[in-house]
Amino acid sequence: QVQLVESGGGLVQAGVSLRLSCAASGLTFSNYVMGWFRQAPGKEREFVAAITRSGGSTYYRDSVKGRFTISRDNAKNTMYLQMNSLKPEDTAVYYCAADFGYYTSSNPDEYDYWGQGTQVTVSS
């Protein structure tokens, strides 16, 4: 049974940093492209970042480039999202997802497994 479990969310003030983690089990983690998505209240789920199987290539939405860093540790079956200089518009539930593919994708339909999400709230 595949499980993706996010952690690290919280309530923070604008400008600070948070690191999200996504612990995977029940799958061969290194065979999956991994991604982070987020969904704010009343809005559709949107792509945040993705990373290839080896971690050698990453892909970000424009609004987080230079502030967020996606990474993974295949030995620990864990993916991370380091979020710096947080803004109120980053407030959302953040989801991790796994895609049994070779290339990073911003399309949520490409992803096979999803976590339950972790709330990030940034106050101004």
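Residues numbered from 1 in each chain as written. Predicted model: local features only at pLDDT ≥ 70, side-chain atom pairs only at ≥ 80, totals over all residues. Heavy atoms only, no water.

**Q** Describe the overall build of the protein chain, listing the residues and the values that go with them.
**A** Counting secondary structure elements, the protein chain contains zero helices and 11 strands. Along the chain direction, N to C, the helices and strands of the protein chain fall in the order β-β-β-β-β-β-β-β-β-β-β. Taking 2.2 N^0.38 as the reference for a compact globule, 124 residues should give roughly 14 Å; the C-alpha atoms of the protein chain span a radius of gyration of 13 Å, in line with that estimate. Taken along its principal axes, the extent of the C-alpha atoms in the protein chain is 40 × 25 × 25 Å. (Helix = DSSP H or I, 4+ residues; strand = E, 2+ residues; numbered from the N terminus. Rg over C-alpha atoms; globule rule 2.2 N^0.38 Å.)

**Q** Please set out the state of the cysteines residue by residue, giving values where relevant.
**A** With the rule as written, the count across this model stands at one disulfide. In this model Cys-22 forms its disulfide with Cys-96; the gap between the sulfur atoms is 2.1 Å. Judged by the torsion about the S-S bond (55 degrees), the Cys-22/Cys-96 disulfide is right-handed. In this pair, Cys-22 is assigned in strand β3 (residues 18-25) and Cys-96 in strand β9 (residues 92-99), connecting sequence segments 74 residues apart. (Disulfide = S-S within 2.5 Å.)

**Q** Could you give an account of the packing of aromatic side chains, naming the residues involved and the relevant values?
**A** In this description, a pair of aromatic rings is defined by centroid distance and the angle of the planes. Summed over the entire model, instances satisfying the criterion amount to seven aromatic pairs. Note on Tyr-32 and Phe-100: the rings are 5.2 Å apart at their centroids and 50 degrees apart in plane angle, and the pair reads as tilted. Remark: Phe-100 occurs in the loop between β9 and β10 (113-114) and Tyr-32 occurs in the loop between β3 and β4 (33-39); sequence separation between them is 68 residues. Judged by its relative accessible area of 52%, Phe-100 is exposed. Each residue in the set Phe-37, Phe-47, Tyr-59, Tyr-111 and Trp-114 is aromatic and connected to the rest through ring pairs, giving one cluster. Over the ring of Trp-114 we find Arg-45; its NZ or CZ atom is 4.7 Å from the centre of that ring. (Phe/Tyr/Trp six-rings, centres within 6.5 Å; stacked < 30°, edge-to-face > 60°. Buried < 20%, exposed > 50% of the residue type's maximum accessible area, 1.4 Å probe, protein only. Lys NZ or Arg CZ within 6 Å of the ring centre and 35° of its normal.)

**Q** Describe the pairing of strand β7 (residues 68-73), listing the residues and the values that go with them.
**A** On β7, burial follows the alternation: Phe-68, Ile-70 and Arg-72 on one face are buried, whereas Thr-69, Ser-71 and Asp-73 on the facing-out side are not. Where β7 meets strand β8 (residues 78-83), six bridges bridge the pair, whose relative direction is antiparallel. Residue pairing across strands places Phe-68 opposite Met-83, the latter belonging to β8. As consecutive antiparallel partners, β7 and β8 are separated by four residues, and within that stretch Asn-77 has a phi angle of approximately 55 degrees, a positive value. (Pairing = 2+ DSSP bridges.)

Nothing here speaks to function; it is geometry throughout.
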